[in-house]
Structures are given as structure tokens and as C-alpha cells.
Amino acid sequence: MASLRSTRWFGLTDKDGFIHRSWMKNQGFPPHLFDGRPVIGICNTFSELVPCNAHFRQIAERVKRGVYEAGGFPLEFPVMSLGETNLRPTAMLFRNLVSMDVEESIRGNPIDGVVLLCGCDKTTPSLVMGAASCDLPAIVVSGGPMLNGNFRDQAIGSGTAVWQMSEDVRAGKMALADFMDAESCMSRSAGHCMTMGTASTMASMVEALGMGLPQNAAIPAVDSRRYVLAHQAGRRIVEMVHENLKISRILTREAFENAIRVNAAIGGSTNAVIHLLAIAGRVGVELHLDDFDRLGHELPLLVDLMPSGSFLMEDFYYAGGIPAVVRELGDLIHDVLTVNGKTMRANTADAPCWNRKVIHARSEPIKEHAGIAVLHGNLAPNGAVIKPSAATARLLKHRGRAVVFESIEDLKARTDLPDLDIDENSVMVLKGAGPRGYPGMPELGNMPLPRKLLERGITDIVRISDARMSGTAYGTVVLHVSPESAIGGPLALVRDGDVIELDVEARRLDLCVPENELSSRRAAWTAPAPVATGGYQRLYTDHVMQADQGADLDFLVGCRGASVPRESH
């Protein structure tokens, strides 16, 4: 085996080698740790501002045990942590920034392989994107979901229950005091959302891609088996370095196809679309928006989890987790290499399912066709997405009058006005929530219904925007409309009263306005003033790509490798 990358730092006997070793020794590391053994970076997104990741110190310690046990030298380093619940204006704005942090931290340091500790939504794609741009051996350890929420003997799920109960409060069906009582009942342990929201979805995508050990996605954060998996990942990354098993050998086109199909079967988040596109771009795999429809839309929904179903991630783990789903999908899954050195089929050939209420047989699905549908039409020339399994069936083919909100501030100001001209057949349209327009493409797509509709018992209408939606949310919500309104996409031209036609089966989203009228509106349209004028946000708005391309920064696409030829002194 060729000398390890870290020996270019710690294996030198000159001034530079002295510097690299001596200052490290002030932490109490003995000389034998610099003897040429693999140096393993532990990329930690621990932060007390990110509740999903606040237990990562303990997980990192278990990874270190495994690394030491296998003869490696573990060195933990922090990167910016992204929490969807606290970070403004949206965690998605900073996904690409964190990927840069990860990439440069790996490349610039004496690291031979890396363990990526991921939890809340954006930490998973950002860490995998950054690592993919370096192409060293890498393995993901997810933080795990919270224990099931329980409110007055009823299971409640992260996010999903918030959307439901907050609407009930606005409709006068739930007392505000009861709503406040539910806070502690929903979030009662360490971990990320325990619904099949984006955090659980991306942990599942890690496993489906082969980037995590079997059962990585579903073991609850506080289950001792989560620590066992972390320990095993620490051992395995040392072996991967010796095998030179780089991330590019795992993230193949076939692996992404597996992930798309698993996402359909689990009722995964629409956010997986934008993140998988971005990851594929970093590793040089050709993946396109329409692949999600072509490969996944006709697949059955097998997993009965909120928001598309009834159960939660803790139940999913006890039922068999992702290995059971992969086994059920059978010949639809490519037999690709995974980080444990075995193929996907070898990992899942004997995977049991312990509860058919949670994980259905492929012959008895919850829904026949449940994957993400990709829509095109004159309102979304480059595409838009919808999650049919979370939508109201009767609204999947709909024609209605647009009620337009020019911004999130406009939406909040007018949604509950008694004189808002809206009914159950209307189509709510939100502008200015795309990658550049907000900036950062926030989770605003599941717009709250007007109070006047809620009071009449109406629980869903068609909603369209260039925003994203929380994976914990539900409804007949069209998302990721591309091009976005802030750059003059057709969404910018929609006016109150325009008729919009949605036909999911035909994959169409059309604005029923004559082309000559649209041309006139286009000529009169002026771009909104940029929200950001400096700093990272200016860099982001100047370089972010559209949703159908993964919303990465254009100059970050591709793999730049890990070579750093120049010394620091």
C-alpha cells in the first residue's frame, strides 16, 4: 500500500514535520500515534443551538473508540452546524457554505479518512457534498431519531403534529394551553425528527446510497445500539483507508438510482430531490430532476410513517428499518458496493420484517404509486415537484383561481383577513421563496390555510411556490417551481384570478393565460432588489443554481480531490 496522506505531515523529519507533530503533542498525544497509522478525521456538527445534534459529543467518543481499536488515530474537528428549527432565514441558505467548510477542512488537514456525524436536515447533504469533493474514504454516522412523541396517550410526530395542531388552534378546535402542553410531549429525547421528515429521509438516503452501515437510519438516538453502530463505523473507516475505498466508488449512478427508489418506498421528503442532485453534482454523476419521476414515481409506498402514514421512526427501526425495505424492493435495487465492504444485496438478503403494519410487502403496498412526481408546463418549464402520498387525492387533478402572495410578509399579513377572496377551489401562490429570492429557498411551501377556510372544516387546497416544504409536512403542495420568480420565471407573472391547472397524472402544471398576455407581463416585469448586498449571502445569490440543478453554487460542482502540494511554512 502507498504511504498514507497523513505521512506528508507527520512522517517528515525536517522543520515542517517538527512543527506538525510538536504542536499536536500539547494535547497529550504520545509519539507512537505519529508512526504512520491512519489518521481519521471525525467531522462533528455538534451544537447546542442545533437540538438534533446536541448529543454528538457522546457519539464522537464512540467513534474514537472504534478508530483506536482498529489501529487508527482519531482527530475530531468541528464544522458549522445547521438546525432547521432555529437558524434564520433558513438552514438551506447555509448548506453550501458548510459543504465548503467540510471540503476545505478535510483537504487542508492531515486526514486519511473521515467519519461524518450528521443529524438535522442539512448537515447530512452538506457533509457528504464536502467529502465527495475531496474523494477520500468516508462513512456517515447519523445521530438517530428522537423517541416517539406521546401526547395524552396519542402518538405525535415531529413537525407533522405542529402543522396539525397549529391549524386546529387557528380553527378554534384546540385550546392554546393544550397546544403549549404538547411541546415537551413531542420532543422528549435527544435526536432529530422522528417522522419521515427530511432528517430521517436523508439518513435513509445515506443507507440507501451505501454510505452508512446497515440500520444507520432508524436506530433511535438514545438506543445503546446507536453507540454500537458509531463504534463499528470507527473501526470500519480504518479498514476503508487501508482498502483505499474512496467515496467515488460508493456514490455511483446505480447507488443514486437505489436511493431514488428507496425514497419512494418510504414516502421520503421532497427535499431529498434537491440534496441528491447536489451530491451527484459533486461526485460527477449524471443525475437529473426527471430521473426521480422516471425511476421512482411508479413505485409503491411500503412504509406507513408520518406524514404519509401513521407510525414513527422508532416503530420503523423495530420493524426492520431500511434493510427490510431494500429486501422488499428486491430486483429494483442494484447490487452495489457499500461502505462496509459488502454489497447491498449481501447486507439485506436475510433482512427480516417484524411488523407488516409498518413495512408492507411489495405485493400489498399502502399505495400503488407514491414516489415524487415531477411536473412540467408553462408555469414550471424546468420542473416542479409534488409528493402525491402526502396530498389529497381529489386535488391531484385540479383547476382553480390563483390567490397570489408576492412575499412571505404579504402571506403573513393577509392570510387570515376576513375579506381575503379565497375558497376551497382556489390555488394559493407564493412568490419570492426560491434560492435567490428569499434567499436560500426556505420551507414555506406548505402555506397555512386561511382561517376562514379552516373554520369551515377545509383542511387542504392546492398551494404552489418556488419554496421547499418540510419533510414533516403534508398537503397538495407543488414545490421547487423552476425557474424561480425572483429571476423572472413564469411564477413571477401570475396574478390574482389567473386560472392554474394541475394534473399530476399527466405531469402538468400550467398557467391558463394567453401567451400574448404573458409576453406583455414579461416585458413589464422588473426584477426585485436583491435581499443580500454583501457577505456570504451575496456570494450565494450571485452563484446559486436553480432547484432543478440541486441549488448548489456553480463553482462548487465537481470533485477537486484532496491534493495540497504546498507546505504551510
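Look up a bit, the structure's there.
Below, the discussion takes up the overall build of the protein. When its secondary structure is counted, the protein shows 20 helices and 14 strands. Over its C-alpha atoms the protein spans a radius of gyration of 24 Å, differing by no more than 12% from the 25 Å that the globule rule assigns to 569 residues. If you line up the protein on its principal axes, its C-alpha atoms span 75 × 55 × 45 Å. By residue count, 62% of the 569 residues in the protein fall in the buried class.

Taken N-terminus to C-terminus, the directions of helix H5 (residues 123-132) and helix H12 (residues 271-283) make an angle of 10°; their axes are 8 Å apart at the nearest point. With respect to H12, the axis of H5 lies roughly parallel. Across from Pro 125, Val 128, Met 129, Gly 130 and Ala 132 in H5, the residues of H12 making contact are His 275, Ala 278, Ile 279, Arg 282 and Val 283. Split into classes, the residues belonging to the contact of H5 with H12 amount to seven nonpolar, two polar and one charged.

Next up on the list: the pattern of salt bridges. Counted according to the given criterion, the structure contains 43 salt bridges. Notably, a salt bridge pairs Lys 64 with Glu 76, separated by 3.0 Å at the nearest N-O pair. Of the two residues, Lys 64 sits in helix H3 (residues 56-69) while Glu 76 sits in strand S2 (residues 73-78), which places them twelve residues apart along the sequence. A relative accessible area of 18% places Lys 64 in the buried class. With a relative accessible area of 35%, Glu 76 lands in the partly exposed category. Across the salt bridge formed by Arg 235 and Glu 69, the nearest N and O atoms sit 2.8 Å from each other. With Arg 235 in helix H9 (residues 224-243) and Glu 69 in helix H3, the pair connects residues that are 166 residues apart, well separated along the chain. What makes Glu 69 partly exposed here is its relative accessible area of 48%.

All right, on to empty space enclosed by the protein then. Enumeration according to the criterion identifies three cavities of 30 Å³ or more in this entry. Approximately 70 Å³ is the volume found for the largest cavity. Lining the largest cavity are Glu 207, Gly 210, Gly 212, Pro 214, Ile 322, Pro 323, Val 326, Thr 338, Met 344, Asn 347 and Thr 348. Taken together, the elements giving at least two residues each to the lining of the largest cavity come down to helix H15 (321-329) and helix H16 (344-348). Each residue belonging to the lining of the largest cavity can be placed in one class, and the counts come to five nonpolar, five polar and one charged.

What follows is about the pairing of strand S7 (residues 373-377). Taken across its five residues, S7 has four buried, putting it largely inside the fold. Taken together, S7 and the strand that follows it, strand S8 (residues 380-386), pair antiparallel across an intervening segment of two residues.

As for its position among the elements, Gly 159 is in the loop between strand S6 (154-156) and helix H6 (160-170). Gly 159 gets classed as buried once you look at its relative accessible area, which sits at 12%. Apart from residues lying up to four places away in sequence, Gly 159 is in contact with Met 186 and Thr 472.

Attention shifts here to the packing of helix H11 (residues 253-266) against H15. Orientation of H11 relative to H15, taken along the N-to-C sense of each, is 105°, at an axis distance of 10 Å. Of the possible angle classes, the one that applies to H11 and H15 is roughly perpendicular. Counting all contacts with H11, which are made through Arg 261, Val 262, Ala 265 and Ile 266, the residues of H15 involved are Ile 322, Val 325, Val 326 and Leu 329.

Rolled over the atoms, a probe as big as a water molecule pinpoints where empty space is left. Within this model, the second largest pocket holds a volume of roughly 540 Å³. Among the secondary structure elements, those contributing two or more residues to the lining of the second largest pocket are helix H1 (7-10), helix H2 (15-24) and S2. Split into classes, the residues belonging to the lining of the second largest pocket amount to eleven nonpolar, seven polar and five charged.

Bridge analysis of strand S9 (residues 397-405) against strand S13 (residues 499-503) gives five bridges, and the strand direction is antiparallel. Across the sheet, the residue bridging to Arg 399 is Glu 501, located in S13. Alignment of S9 against strand S10 (residues 427-430), held across four bridges, turns out to be parallel. Residue pairing for S10: Ala 402 is matched across the bridge by Val 427.

With respect to the element layout, Val 477 can be found in strand S12 (residues 477-482). Look at Val 477 and you get buried, because its relative accessible area is 1%. Residues Val 477 and Leu 276, 201 residues apart in the sequence, show an inter-C-alpha distance of 20 Å. Contact partners of Val 477, with chain neighbours within four places excluded, come to Val 385, Ile 386, Gly 445, Asn 446, Arg 463 and Met 469.

What follows deals with the nonpolar core. Grouped together as the largest cluster of nonpolar side chains are 121 residues, with contacts concentrated most on Met 211, Leu 251, Phe 256 and Phe 316. In terms of residue count, H12 provides more of this core than any other element does, nine residues in total. Counting 27 residues, the second-largest nonpolar core is a separate cluster that includes Leu 379, Ile 464, Leu 493 and Leu 502.

Rules of the game
- Residues numbered from 1 in each chain as written.
- Predicted model: local features only at pLDDT ≥ 70, side-chain atom pairs only at ≥ 80, totals over all residues.
- Heavy atoms only, no water.
- Helix = DSSP H or I, 4+ residues; strand = E, 2+ residues; numbered from the N terminus.
- Rg over C-alpha atoms; globule rule 2.2 N^0.38 Å.
- Buried < 20%, exposed > 50% of the residue type's maximum accessible area, 1.4 Å probe, protein only.
- Axes fitted to C-alpha atoms, helices over the stretch in contact; angles between N-to-C directions.
- Parallel < 35°, antiparallel > 145°, perpendicular 65-115°, else oblique.
- Contact = heavy atoms within 4.5 Å.
- Nonpolar A, V, L, I, M, F, W, Y, C, P; charged D, E, K, R; others polar.
- Salt bridge = Lys/Arg side-chain N within 4 Å of Asp/Glu carboxyl O.
- 1 Å grid on protein atoms, 1.4 Å probe; cavity = no way out; pocket = protein on both sides within 12 Å on 5 of 7 lines; lining within 4 Å.
- Points joined across faces, edges and corners; volume = space filled by probe spheres on them.
- Pairing = 2+ DSSP bridges.
- Core = buried A, V, L, I, M, F, W, Y, C linked by side-chain atoms within 4.5 Å.

Keep in mind that these numbers describe shape and distance, not what the molecule does.
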